[in-house]
Amino acid sequence: MIIEEAASQLEALGNPSRLNIYRVLVRAGRDGIAVGHLQERIGIPASTLSHHLKRLVEAGLASQERQATTLICRADYPTMQSLIGFLVDECCADEKCCGEQEEEVV
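Rules and cut-offs
Residues numbered from 1 in each chain as written. Predicted model: local features only at pLDDT ≥ 70, side-chain atom pairs only at ≥ 80, totals over all residues. Heavy atoms only, no water. Helix = DSSP H or I, 4+ residues; strand = E, 2+ residues; numbered from the N terminus. Expected span 1.5 Å × (residues − 1). Buried < 20%, exposed > 50% of the residue type's maximum accessible area, 1.4 Å probe, protein only. Arc of directions from axis to C-beta. Contact = heavy atoms within 4.5 Å. Pairing = 2+ DSSP bridges. Axes fitted to C-alpha atoms, helices over the stretch in contact; angles between N-to-C directions. UniProt positions renumbered as here; feature names shortened; annotations may be inferred. Patch = residues over 30% accessible without salt bridge, like charges linked within 9 Å, V, L, I, M, F, W, Y side chains within 5 Å. Areas by Shrake-Rupley, 256 points an atom, 1.4 Å probe, with all protein chains shown as cover. Salt bridge = Lys/Arg side-chain N within 4 Å of Asp/Glu carboxyl O.

The name an unreviewed UniProt entry gives the protein chain is ArsR/SmtB family transcription factor, with Ciceribacter thiooxidans as the organism.

Structure representation (structure tokens):
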């Protein structure tokens with residue numbers, strides 16, 4: 001993952017409303033959630049929800065699929081895992097190896 005892509009995704013999640021929406025999408029699982037149910041759960045106007053969903057979709061964090069008259073929203077789990085991996089892949093990489101310890105100065 002390139003840093004610009006990660007920054008864009010983190011920026012999308014940096015808005016409290018979008019983060020809340022994304023958490024609901026993640027909890028909904030692979031089946032997703034109908035946009036009407038999502039709106040009920042979040043409690044924001046449809047136009048505001050649409051704006052936030054558009055941003056999550058643009059960032060690649062979510063997808064939408066029309067099933068007859070229902071719009072289903074889903075978290076994109078591979079993208080989520082990639083972002084999480086990007087954040088933790090090099091965790092503590094600059095620490096000394098497990099066997100090495102700094103000598104204590106007395």
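## Observations regarding helix H4 (residues 46-58)
Between its first and last C-alpha atoms H4 spans 18 Å; for 13 residues at 1.5 Å apiece the expected length is 18 Å, and the two agree. Looking at H4, one finds that the buried residues are Leu-49, His-52, Leu-53, Arg-55 and Leu-56. Axial view of H4: buried residues confined to an arc of 155°, hence all on one face. Projecting away from the buried face of H4 at angles above 90 degrees are the exposed residues Ser-47, Lys-54 and Glu-58. Looking at the packing, one finds that the buried side of H4 touches helix H1 (3-13), helix H2 (16-28), helix H3 (35-42), strand E2 (62-67) and strand E3 (70-75). Once H4 ends, the next one or two residues include Gly-60, with phi positive near 80°.

## Concerning the sheet that holds strand E1 (residues 33-34)
The sheet built from three strands is open, its strands ordered E1-E3-E2 with antiparallel pairing. Edge positions in the open sheet fall to E1 and E2, since each of these has one partner strand only. Alignment of E1 against E3, held across two bridges, turns out to be antiparallel. Of the residues in E3, the one forming a bridge with Ile-33 is Cys-73. The sheet contacts of H2 involve E1, E2 and E3, and relative to E3 the element is tilted by about 90°.

## Considerations on the side chain of Gln-9
Within the secondary structure, Gln-9 is located in helix H1. Apart from the residues within four sequence positions on either side, Gln-9 is in contact with Met-1, Ala-59, Leu-61, Thr-79 and Leu-83.

## Some points on the UniProt feature "domain: HTH arsR-type" (unreviewed entry) in the protein chain
According to UniProt, the "domain: HTH arsR-type" (unreviewed entry) feature falls on residues 1-95. Helix makes up 60% of residues 1-95 and strand 15%, with an end-to-end C-alpha separation of 23 Å.

## Digging into a nonpolar patch on the surface
Together, Met-1, Ile-3, Leu-10, Ile-84, Phe-86, Leu-87 and Val-88 give the surface a local cluster of nonpolar side chains, amounting to about 600 Å² of exposed area. At the level of secondary structure, the elements contributing two or more residues to the nonpolar patch comprise H1 and helix H5 (77-88). For the nonpolar patch, the element with the highest residue contribution is H5, accounting for four residues. Position of Leu-10 relative to the elements: it lies in helix H1. Taking relative accessible area as the criterion, Leu-10 reaches 38% and is therefore assigned partly exposed.

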